[in-house]
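Inside the fold
What follows is each chain in one-letter form.
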Amino acid sequence: MAAPAPKPRLTGRAAILVLVLAVLAVSYASSLRAYLQQRGQIESLQTTISEREAQIADLEQERSRWDDPEYVETEARERLGYVRPGETPFVALRDGSPLQPESELTDPDTIAPSEPRAFWDDAWETVLVAGDPQRRADPPPLTRIQDPEGAPQESEESQE
């Protein structure tokens, strides 16, 4: 009797099955990667949304504070230095200057109205200034600046 021929380990059907499984694995891997990227984007957007909602809540709370007349008065006193009639304001000084410099508004009635000027007058002034620029007001230095150590010195031949 003849010995039966050994069966090949990889048949044609098995090779096709392995090839199909490899194609499916590659397609699912790319889909899985896209899915994971989208999940990461969704999480970052949800974080952004929660931060913005917290900001909105803070701003709404700030807006509701401004509806309270006592809060408005307190802010006017602290920020603008307003006082009620009859009160004496005090300013804390350090070295002769206020700790918090305040800005003051001038009365519009005390400002002299200026006559409007034509634009060509302003343009001509810029031409005059450009033709005769201001001279430097600083006096020249009294002593000559010496070369720092290590600076290359000119040889006597090059000076001649």
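About the cut-offs
- Throughout this description, residue numbers start from 1 for each chain and increase along the sequence as written.
- Since the coordinates come from a predicted model, pLDDT governs what is reported: local features require at least 70, and pairs of side-chain atoms require 80 or more to be given and counted, while whole-chain, interface and lining totals use all residues.
- Computation of side-chain values: all heavy atoms of the structure, hydrogens and water removed.
- Secondary structure counts use DSSP, requiring at least four H or I residues in a row for a helix and at least two E residues in a row for a strand, with both numbered from the N terminus.
- Relative accessibility thresholds used throughout: buried, under 20% of the residue-type maximum; exposed, over 50%; partly exposed, between the two (1.4 Å probe, protein chains only).
- Using a 1.4 Å probe, the Shrake-Rupley method yields the accessible areas, and only the shown protein chains count as cover for residues.
- pLDDT gives the predictor's per-residue confidence on a scale running from 0 to 100.
- A pair of aromatic rings is counted whenever rings of Phe, Tyr or Trp (Trp by its six-membered ring) have centres within 6.5 Å, and the orientation is called stacked for planes under 30 degrees apart, edge-to-face for over 60 and tilted otherwise.
- By this rule, a helix spans an expected 1.5 Å times one less than how many residues it contains.
- In this description, the arc belongs to the directions extending from the helix axis to the C-beta atoms.
- Residues are treated as being in contact if the distance between any of their heavy atoms lies within 4.5 Å.
- Two N or O atoms count as a polar contact when they lie within 3.5 Å, although within protein this holds only if one can serve as hydrogen donor and the other as acceptor, and sequence-adjacent residues are included solely when both atoms are side-chain atoms.
- Basic side-chain nitrogens of Lys or Arg form a salt bridge, by our definition, when they fall within 4 Å of a carboxyl oxygen of Asp or Glu.

Counting its regular elements, the protein contains four helices and two strands. Overall, the protein shows an N-to-C arrangement of helices and strands of α-α-β-β-α-α. Across the 160 residues that make up the protein, the buried fraction comes to 2%. Entry remark: accessible area of the protein is about 16400 Å², with carbon and sulfur atoms responsible for 57%.

Now for the confidence of the model for the protein. Residues of the protein with pLDDT of at least 70 account for 76%, and the chain-wide mean is 80. Within the protein, the element-level pLDDT minimum falls on helix α4 (residues 156-159), averaging 50, and the maximum on helix α1 (residues 12-65), averaging 93.

Enumeration according to the criterion identifies two aromatic pairs in this entry. Their ring planes at 80° and their centres at 5.1 Å tell us that W66 and Y71 sit as a pair that is edge-to-face. Using a relative accessible area of 34% as the deciding quantity, one classes W66 as partly exposed. Looking at Y71, the relative accessible area reads 19%, which means it is buried. Relative to W120, the ring of F119 lies with its centre 5.1 Å away and its plane at 75°, an arrangement referred to as edge-to-face. On the accessibility criterion, F119 (63% relative accessible area) is exposed.

Between its first and last C-alpha atoms helix α2 (residues 69-80) spans 16 Å; for 12 residues at 1.5 Å apiece the expected length is 16 Å, and the two agree. Within α2, the full set of buried residues consists of Y71, E75 and A76. Buried residues in α2, looked at end-on, bunch into an arc of 135°, giving them a common side. Residues P69 and E70 are exposed on α2 and point more than 90 degrees away from its buried face. Check the buried side of α2 and you find it contacts α1. Of the residues flanking the end of α2, it is G81, one or two places downstream, whose phi is positive at about 75°.

Turning our attention to the side chain of E75. Counting through the fold element by element, E75 comes out in helix α2. There is a polar contact of 2.8 Å between the side chain of E75 and the side chain of R79. Residues contacting E75, with those up to four places away along its chain left out, are W66 and L80.

Here we come to the pattern of salt bridges. Oppositely charged side chains can form a pair if their charged atoms are brought close together. If you walk through the whole model with that rule in mind, you get seven salt bridges. A salt bridge links D122 to R117, with the nearest nitrogen and oxygen atoms 3.5 Å apart. By relative accessible area, D122 is classed as partly exposed at 38%. Here R117 falls in the partly exposed class, since its relative accessible area comes to 48%. The partner of R117 in a salt bridge is E125, with the nearest N and O atoms 2.6 Å apart. Judged by relative accessible area, which is 40%, E125 ranks as partly exposed. A network of salt bridges, in which partner residues are shared, links E73, R77, R84 and E87.

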